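# Structural characterization, general
Each chain, letter by letter, is given below.
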2 protein chains.
Amino acid sequence: MSLPRSNTKQRILDSAESLFAQQGLAATSLRAVIAAADVNSAAIHYHFGSKEALVEAVFERRIEPVNRERLARLQHLEASAGDSGVAMVELLEAFIHPLLKLGQELGDRGPVVVRLLGRLRSEEPDSLIALAQAHMREVHGRFSRAAAQSVEGLTQEEASERFEYVHAAVAWILTHLAHASEKPPEYVELQDRFQRMINFMEVGLQQPSRIRMENLRPNDNGAAR
Amino acid sequence: MSLPRSNTKQRILDSAESLFAQQGLAATSLRAVIAAADVNSAAIHYHFGSKEALVEAVFERRIEPVNRERLARLQHLEASAGDSGVAMVELLEAFIHPLLKLGQELGDRGPVVVRLLGRLRSEEPDSLIALAQAHMREVHGRFSRAAAQSVEGLTQEEASERFEYVHAAVAWILTHLAHASEKPPEYVELQDRFQRMINFMEVGLQQPSRIRMENLRPNDNGAAR
DNA sequence: CACCGATTCAAGCAACCGCTTGAATCATAC
DNA sequence: GTATGATTCAAGCGGTTGCTTGAATCGGTG
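Since we're looking at a predicted model, the values are computed, not measured.

The next point concerns the packing of aromatic side chains. This structure, assessed with the given rule, holds eight aromatic pairs over all chains. A ring pair is formed by Tyr165(A) and Phe200(B), whose centres lie 5.9 Å apart and whose planes are at 40°; its orientation type is tilted. Pair noted here: Tyr165(A) is in helix α8 (residues 156-175) and Phe200(B) is in helix α10 (residues 187-205), and the two residues belong to different chains. In terms of burial, Tyr165(A) and Phe200(B) fall into one category: buried. Put simply, the rings of Phe95(A), Phe143(A) and Phe163(A) pair up and form one aromatic cluster. Residue placement shows Arg121(B) over the ring face of Trp172(A); its charged tip is 3.7 Å from the ring centre.

Below you can see the structure in the form of structure tokens.
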């Protein structure tokens, strides 16, 4: 009930976050985390229970506020949009901007966190895959549904597929950020890359679904747009 | 100089390939490979020398013919193309079709191999990253250069960036192929997914670079296209 | 002060890891 | 048949892994 006399849990989370971001999950041993955090060797299992639980805690701390803001922005967009749906650029920015904002707010830790989140897509352990799916399902579904609504003749399934590619590109940018440049607070470069990526993805997302339109909809009186 | 009396090396490669594709590299121990291949425990180090060398051999066996065909197709396209460069769809198909062809030729092993190649992008060990870069540098450079040439006002740097996203999408499709459907030779579905992905990426790739055009080229007399 | 739950500590367990060793076994050449 | 080089075999090496243990130490409470 009282304050812990030391910030052991916090230090473990921070150290694990850095090491996971740099080396990946499998390559990071709990002993390395313990050494980096300068805590006792049993502290991780006392505070978290297992390596898997630590991994979940590390990712959960960062992805939760990002996804919350994503959904809030989307809701705001949908509320102020007309019947034609949300503009695609705004949709993409609502998806990406919370990441940039988090990175900037965290200062020095920004690049580390941003790179960590990039790993949420590529890392292997089944537990993390399940975690990623649990955290992204709602966001992915809401965003791809909004994309399908804003494009005439785009099925929800294909919008979902395309948003997977957007997500893959985002993860690629995030994980290969610190790879190229070593200076941490270089967010101008990151922002430019995301801007170019949005320009690239936008036009593709606005294409109607091809196969379904031509083959399965002979009686379509689409007149809008 | 003579034929080996047993196909130990082959069996090791096949078993390692399957396990790497299913579980990833870090999660696959040499002992698991040994057990799956049913060979002696020292066979891997006798035939390959180390786990790292085995990983390289496993990936090299598959990626080399794919990239060779990619380059051959690209060369053929460039030879028969006019001054306006290669059509973007053909470029994308030249990049992707060798993968599909390999998967079909290998029959039952196709999905395994195809999933393995998807891991070439996401797996962690530095040695594999270096291997992937070594194998992909020429292909990536040649294809993104061809893309830049076929689009008016597209810089080579931005074409390279965009092709990274294409590559990320390809890897995503490959690694999540067997994830969804369990029936191995379901290539119609894979082919459809790639077709939709090409339709999606094509229009984005054909966009000119924005920032450079507007800010840095006041004396540009672009009249072509 | 005595007490108690929460936290820290030093030490170590069993299991697994990649890799090595030295002898046995094989196919071939002479 | 015997020598030779390539391959297979059973066993085990040192090191690392995630995790556990039982006692020591702390802060707050009666």
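Expressed as a screw operation, the relation of chain B to chain A combines 0.0 Å of axial shift with a rotation of 180°, fitting to an RMSD of 0.1 Å. The symmetry that links the two subunits is that of a two-fold axis. Both copies share a contact surface, since 100% of the interface residues of chain B are interface residues in chain A too.

Think of an α-helix as 3.6 residues a turn; residues three or four steps apart then line up on the same face. Residues and elements named next belong to chain A. Given a rise of 1.5 Å per residue, 16 residues ought to cover 22 Å, and the 22 Å separating the end C-alpha atoms of helix α1 (residues 8-23) matches this to within 8%. All of the buried residues along α1 are Thr8, Ile12, Leu13, Ser15, Ala16, Glu17, Ser18, Leu19, Phe20 and Ala21. Buried residues along α1 sit in contact with α2 (30-37), α3 (43-47), α4 (51-79) and α6 (110-122). Positive backbone phi, at 90°, marks Gly24, one or two positions downstream of α1.

Turning next to the protein's contact with DNA strand C. Around DNA strand C sit 18 residues, and of these Ser6(A), Thr8(A), His47(A), Arg31(B) and Lys51(B) come closest. Looking at DNA strand C alone, sugar and phosphate atoms form 55% of those within 4 Å of the protein. Separating a base nitrogen of DNA strand C from a side-chain N or O atom of Asn40(A) is a distance of 3.5 Å. Backbone polar atom of Lys51(B) to a phosphate oxygen of DNA strand C: 2.8 Å apart, as the coordinates give it.

Thresholds, definitions, all that
- Residues numbered from 1 in each chain as written.
- Chains lettered and ligands numbered in written order.
- Predicted model: local features only at pLDDT ≥ 70, side-chain atom pairs only at ≥ 80, totals over all residues.
- Heavy atoms only, no water.
- Phe/Tyr/Trp six-rings, centres within 6.5 Å; stacked < 30°, edge-to-face > 60°.
- Helix = DSSP H or I, 4+ residues; strand = E, 2+ residues; numbered from the N terminus.
- Buried < 20%, exposed > 50% of the residue type's maximum accessible area, 1.4 Å probe, protein only.
- Lys NZ or Arg CZ within 6 Å of the ring centre and 35° of its normal.
- Least-squares fit on C-alpha atoms with pLDDT ≥ 70 in both.
- Contact = heavy atoms within 4.5 Å.
- Expected span 1.5 Å × (residues − 1).
- Near = heavy atom within 4 Å.
- Polar contact = N/O pair within 3.5 Å; in protein donor to acceptor, adjacent residues only side chain to side chain.

Coordinates in, geometry out; function isn't part of it.
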